[in-house]
Amino acid sequence: LGAQAALKRQPRSKQGEFLTNAEATRAFAWTATTRSAQEAMEITFPRSAGWANGCFWEGGCREGKVMTQEVVAKWVEGELLGGPDPFVGHGGKVPVPWPSQTDTGDQLGDGQYV
């Protein structure tokens, strides 16, 4: 399917907090972190190289809230992953959409989305 057709197609499954048209969903064990979100961001964007601060209307852009590395790291640790098990609603497992195609590595197949 082309990109336009995929976008028009209804998602086949709704797994927790995401919608996808992938054929399957796999669940993986949630493990404790080995570094903070800030440390991971510093490894990924050393000295902010390649990082672009963002400002989103829904996220307080009007009030001047800019998504810096520090703001995003605090959000990841405090809101996204805050608490002992952010996936308790899924039995402690992390639901991940999974393609039926075998040649995509860890990517979804052609025309699939999350």
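Note that this is a predicted model, so its numbers are computed, not measured.

**Here we look at the overall build of the chain**
Then comes step 1: Within the chain, the secondary structure is distributed over three helices and four strands.
Then comes step 2: For the chain, the α and β elements follow one another from N to C terminus as α-β-β-β-α-α-β.
Then comes step 3: Scored against the burial criterion, the 114 residues of the chain give a buried share of 21%.
Then comes step 4: The long-range fraction of contacts in the chain, counting pairs at least 24 apart against all pairs at least 6 apart in sequence, stands at 58%.

**Let's talk about the nonpolar core**
Then comes step 1: Counting six residues, the largest nonpolar core consists of Ala37, Met41, Met67, Val72, Ala73 and Val76.
Then comes step 2: Sequence-distant contacts of Met41, that is, excluding residues within four places in its chain, are made with Trp51, Gln69, Val72 and Ala73.

**Looking at the pattern of salt bridges**
Opposite charge on two side chains permits pairing when their charged atoms draw close.
Then comes step 1: Taken as a whole, this structure holds one salt bridge when the rule is applied.
Then comes step 2: The salt bridge involving Glu70 is made with Lys74; its shortest N-O contact spans 3.1 Å. Of this pair, Glu70 and Lys74 both sit in helix 3 (residues 69-80), separated by four residues, roughly a single helical turn.
Then comes step 3: Using a relative accessible area of 47% as the deciding quantity, one classes Glu70 as partly exposed.

**Some thoughts on the environment of Gly109**
Then comes step 1: Residue position: Gly109 is located in the segment after strand 4 (93-98).
Then comes step 2: Separated by 10 residues in sequence, Gly109 and Pro99 have C-alpha atoms that sit 5.6 Å apart.
Then comes step 3: Every residue in contact with Gly109, bar those within four places of it in the chain, is listed here: Pro99, Gln101 and Thr104.

**A short note on helix 3**
Then comes step 1: Among the residues making up helix 3, those that are buried are Gln69, Val72, Ala73 and Val76. Along the long axis of helix 3, the arc covered by the buried residues comes to 100°, so they all point the same way. Every exposed residue of helix 3 that faces more than 90 degrees away from the buried side is listed here: Lys74, Gly78 and Glu79.
Then comes step 2: Buried positions along helix 3 lie against helix 2 (37-44).

**Focus: the packing of aromatic side chains**
Remark: the centre distance and the inter-plane angle together describe each pair of aromatic rings, the angle taken between the planes.
Then comes step 1: In this structure the tally under the stated criterion is two aromatic pairs.
Then comes step 2: Measuring from centroid to centroid gives 5.6 Å for Phe28 and Trp98, while their planes differ by 50°, and the two rings are tilted. Placement of Phe28 in strand 3 (residues 24-29) and of Trp98 in strand 4 is noted, with a sequence separation of 70 residues between them.
Then comes step 3: A ring pair is formed by Phe45 and Trp51, whose centres lie 5.2 Å apart and whose planes are at 75°; its orientation type is edge-to-face.

**Looking at the confidence of the model for the chain**
Then comes step 1: In the predicted model, the chain carries a mean pLDDT of 78, and 83% of its residues have values of at least 70.
Then comes step 2: When pLDDT is averaged over each element of the chain, helix 2 comes out on top at 94 and strand 1 (residues 13-15) at the bottom at 45.

Rules used throughout
- Residues numbered from 1 in each chain as written.
- Predicted model: local features only at pLDDT ≥ 70, side-chain atom pairs only at ≥ 80, totals over all residues.
- Heavy atoms only, no water.
- Helix = DSSP H or I, 4+ residues; strand = E, 2+ residues; numbered from the N terminus.
- Buried < 20%, exposed > 50% of the residue type's maximum accessible area, 1.4 Å probe, protein only.
- Contact = heavy atoms within 4.5 Å.
- Core = buried A, V, L, I, M, F, W, Y, C linked by side-chain atoms within 4.5 Å.
- Salt bridge = Lys/Arg side-chain N within 4 Å of Asp/Glu carboxyl O.
- Arc of directions from axis to C-beta.
- Phe/Tyr/Trp six-rings, centres within 6.5 Å; stacked < 30°, edge-to-face > 60°.
- pLDDT = per-residue confidence, 0-100.

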